[in-house]
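Residue-level structural notes
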Amino acid sequence: MLLLRLLLKNALRHKLRTVLTLIGLVVAISAFGLLRTLVDAWYAGVEASASTRLVTRNAISLTFTLPLNYAERIRAVEGVSGLSWANWFGGVYITERNFFAQFAVDPSTYLALYPEYVLSDAERQAFLRDRQGAVVGRKLADKFGWRVGDQIPLRGTIYPGIWTFTLRGIYDGAGANTDEQQLLFHWKYLTESVRQRPGAASSKVDAVGIYVVGIADANNAALISQRIDTLFRNSLAETLTETEKAFQLSFVSMSEAILVAIQAVSLIIVVIIMAVMANTMTMTARERVAEYATLRVLGFGPAFVVRLLAGESLLIALAGGVIGIVLTFPLAGVVGQATGTLFPVFQVSDLTLVLQLLAALVIGVVAAAWPAWRMSRVDIVSGLRQVA
Amino acid sequence: MKAVPLSYIVRNLWVRRVTTMLTALGMALVVYVFSTVLMMSEGIRATLVATGQSDNVVVLRKGAGAEINSGIDRAQAGVVHSLPGIAADALGRRLVSSEPVALNNLPKRGSGKPSNVTVRGASEVGLELRPQVRLAQGRMFRPGTSEIVTGRAIADGFAGAGLGETLRFGGREWTVVGVLDAGRSGFDSEIWGDSEQMMQAFRREAFSSIVFRLVDAGDFERTRAAIESDPRLTLEAKPEIRFYAEQSEALATFISILGSVLSVIFSIGAIVGAMITMFAAVAQRVGEIGTLRALGFRRGAVLVAFLAEALVLSLVGGVAGLAAASLMQTVNISTTNFQTFSELAFRFTMTPVIAAWTLLFALCMGLLGGFIPAWRAARLSIVDCLRAA
């Protein structure tokens, strides 16, 4: 108890210095947490994937489509319990800055495979009945202020022209990591409009972007994937089937270089503040050489001096760390707002909090290490001489 | 007004080596991050700008934005091929090339992680249109065969893409017969094969883009008007340089905004570090300050002396950070460009402008961190100072 009071008194001796160090720590710890949250946001799609869903795409790449008649053949594969399909639409709402995902889907089967998109029965029926209808996630609707019944015009990049959809429902995500920033509309509307357009490329008619395959038992994922791919080997459009998780991970790994950079940078900020903190502790120790020598004269051992310094360093680091952690939440909220639709989910995870605390601890310990070692070895006579 | 000699300032930093080093280290790291980010976005820009030629024109389907979204059927291609104003080479061939472009998902060498690689159906004329592209190894693909050439970044980075190896896509085996050196342009990240063979393999009926060279680059507006007013064509034309600049815009902007925001946040840490150091420097030297003032140095001179000390400190950090960042120039990295959805290899690129900005940034940190302590030093009264000593 006495030690704690001594630590507190010591820490407050140079108020300005302690406050400045705290500011540095708070900035560093909250920036570290924010960067980790940013990386997590990248992986949100992976986290939200279900182990009972497989994705079948064209083996060449996602930009190649599969014929519609594959649907019946996949459905007949042993172990497949549900099937739907989706096409990436890639439309622009007013300007490119309003980016969000739009999929043309087979509505009834798709909603059955994605129970985490929660729609009221009335809205579901309204969507299924209206071929030009669309449903969107809650966050997206809030962002653009859409209400059920609104017209949403999108400018197609892959499918040329202006496409207008009537909003028939707004879905809520069942889990915190469910993507609430998508627009889903009828695949039939897409393919029939393409068919009617003059000069339509025949490759875009009845073409499916990806098949989503529901399986009853997640343990059979590898086996069923293999069965599907064998079915279409050496055909005009060979397929590649993988779990939804692997499919989502392939998007993440595309921007891996950027992710690695962000992670490296989030460690650099910790090192920066470690240098600042170590500097603070070194200066503090240097100023108190005489005191430590006096303590030694009074009979305290070198371990006590080490405890004093390490304790003070830890006290400041933890205080800064806790304030930083608390500030991370409002900051993440602001950044989540600012990046808009870029990241479907932007939430601080528990692991991030633990790592932030750990970082603060490490900073405290490392910063005290060098001065504590030096001070514990300082020779009493020369220490006392510094007073005079 | 007499100024405090510079040697006094520098020696003060030297006396407290550990503190100076730690503070400079913090600044160096911030500067390193700031500089690398600028180098990264400059690298992406430089790569894609080098990809375009000033007198080339790219034609895409209206509103497509990127080659993979675009589609130009053979009839439309025929109309574009017969436009007036297209240059011819020494053999009298018109310098116009219709090219199918596809994305191919290939595994990387080593990690085996898949990434999208641009596959372009090219021709001899297509090569002639890009003078920056040269063969580094092997030979060019022969028309009408399943032979391909790969860009240098692809040959190094992807499994099966090296000289003499084979790749399987579009239902057949393709032999790599040559490796291209595209002079650090975007073509280093592409695979080229015979245009007609690619169309068959990918079952395409439409080209993705048409590239042609104008006799006179000043004719661009007239040519564009001719293309856009033709009712048979739903196409748009862009100078190649602008086309590729637009492709790099989003990624380069994303990186530079993210990086700048980070640097500013990080710099708060470093500024605080400098402030702590300078406050301590002032506190330790109250007696010295009094002596200086008693010797006749004015308040202004003391202010300048401490400010200069902070600036020298930040300069040390800035130069160290800049030196570390310049080492990054040897590193090649690649990432997926969101706009084209395909792999793009590039290099961190240092320019004098970036170096100047970086040092300025470092000095600003020193100025912000040093001003308040220096101000306080200058405000001390002579008598108090001397008494404290």
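Preceding this section is the structure that the text describes.
Note that the structure is a prediction, hence the values are computed from the model and not measured. (Residues numbered from 1 in each chain as written. Chains lettered and ligands numbered in written order. Predicted model: local features only at pLDDT ≥ 70, side-chain atom pairs only at ≥ 80, totals over all residues. Heavy atoms only, no water.)

Further remarks concern the overall build of chain A. Secondary structure summary: chain A contains 15 helices and 13 strands in total. Since a compact globule built from 388 residues should have a radius of gyration of about 21 Å, the 30 Å found for chain A marks it as more spread out than a globular shape. Counting only C-alpha atoms and orienting by the principal axes, one finds that chain A spans roughly 95 × 45 × 35 Å. Looking at chain A as a whole, 52% of its 388 residues qualify as buried. Excluding contacts between residues fewer than 6 apart, the proportion of contacts in chain A whose partners are at least 24 apart in sequence is 80%. Total accessible area computed for chain A in this model is approximately 17400 Å², and 61% of it derives from carbon and sulfur atoms. Here chain A contributes 34 positively and 28 negatively charged side chains, and the mean placements of these two sets differ by 11 Å. (Helix = DSSP H or I, 4+ residues; strand = E, 2+ residues; numbered from the N terminus. Rg over C-alpha atoms; globule rule 2.2 N^0.38 Å. Buried < 20%, exposed > 50% of the residue type's maximum accessible area, 1.4 Å probe, protein only. Contact = heavy atoms within 4.5 Å. Areas by Shrake-Rupley, 256 points an atom, 1.4 Å probe, with all protein chains shown as cover. Lys, Arg positive; Asp, Glu negative; His and termini not counted. Charge placed at Lys NZ, Arg CZ, Asp CG, Glu CD.)

Residue and element names in this part refer to chain A. Relative orientation of the contacting elements helix α11 (residues 256-287) and helix α14 (residues 350-376) amounts to 35°, with a least axis distance of 8 Å. With respect to the hand of their crossing, α11 and α14 are arranged in right-handed fashion. Residues Val-270, Ile-273, Met-274, Met-277, Ala-278, Met-281, Thr-282, Ala-285 and Arg-286 of α11 lie in contact with α14, whose contacting residues are Ala-359, Val-362, Ile-363, Val-366, Ala-367, Trp-370, Pro-371 and Met-375. Split by residue class, the contact of α11 with α14 holds 15 nonpolar, 1 polar and 1 charged. (Axes fitted to C-alpha atoms, helices over the stretch in contact; angles between N-to-C directions. Left-handed = near helix turned anticlockwise from the far one by under 90°. Nonpolar A, V, L, I, M, F, W, Y, C, P; charged D, E, K, R; others polar.)

So, on to the environment of Gly317(B). Residue and element names in this part refer to chain B. Counting through the fold element by element, Gly-317 comes out in helix α10 (residues 299-327). The class of Gly-317 is buried, set by a relative accessible area of 1%. The contact partners of Gly-317, leaving out residues within four places of it in the chain, are Ala-24, Met-27 and Ala-28.

Let us look at the packing of aromatic side chains. Inspection of every chain in the model, using the stated rule, returns 36 aromatic pairs over all chains. Residues Tyr93(A) and Trp146(A) carry aromatic rings whose centres are separated by 5.1 Å and whose planes lie at 85° to one another, so their mutual orientation is edge-to-face. Taken as a pair, Tyr93(A) in the loop between β4 (91-92) and β5 (101-105) and Trp146(A) in the loop between α7 (138-144) and β8 (151-156) lie far apart in primary sequence, 53 residues in all. Relative to Phe361(B), the ring of Phe34(B) lies with its centre 4.1 Å away and its plane at 10°, an arrangement referred to as stacked. Note that Phe34(B) is positioned in helix α2 (residues 17-51) and Phe361(B) in helix α11 (residues 352-379), a separation of 327 residues in sequence. Here Phe34(B) and Phe361(B) have matching classes, each one buried. Pairwise contacts between aromatic rings join Phe89(A), Tyr159(A), Trp163(A), Phe165(A), Phe185(A) and Tyr189(A) into one cluster. Arg73(A) extends its terminal NZ or CZ atom over the ring of Tyr70(A), reaching a point 5.9 Å from the ring centre. (Phe/Tyr/Trp six-rings, centres within 6.5 Å; stacked < 30°, edge-to-face > 60°. Lys NZ or Arg CZ within 6 Å of the ring centre and 35° of its normal.)

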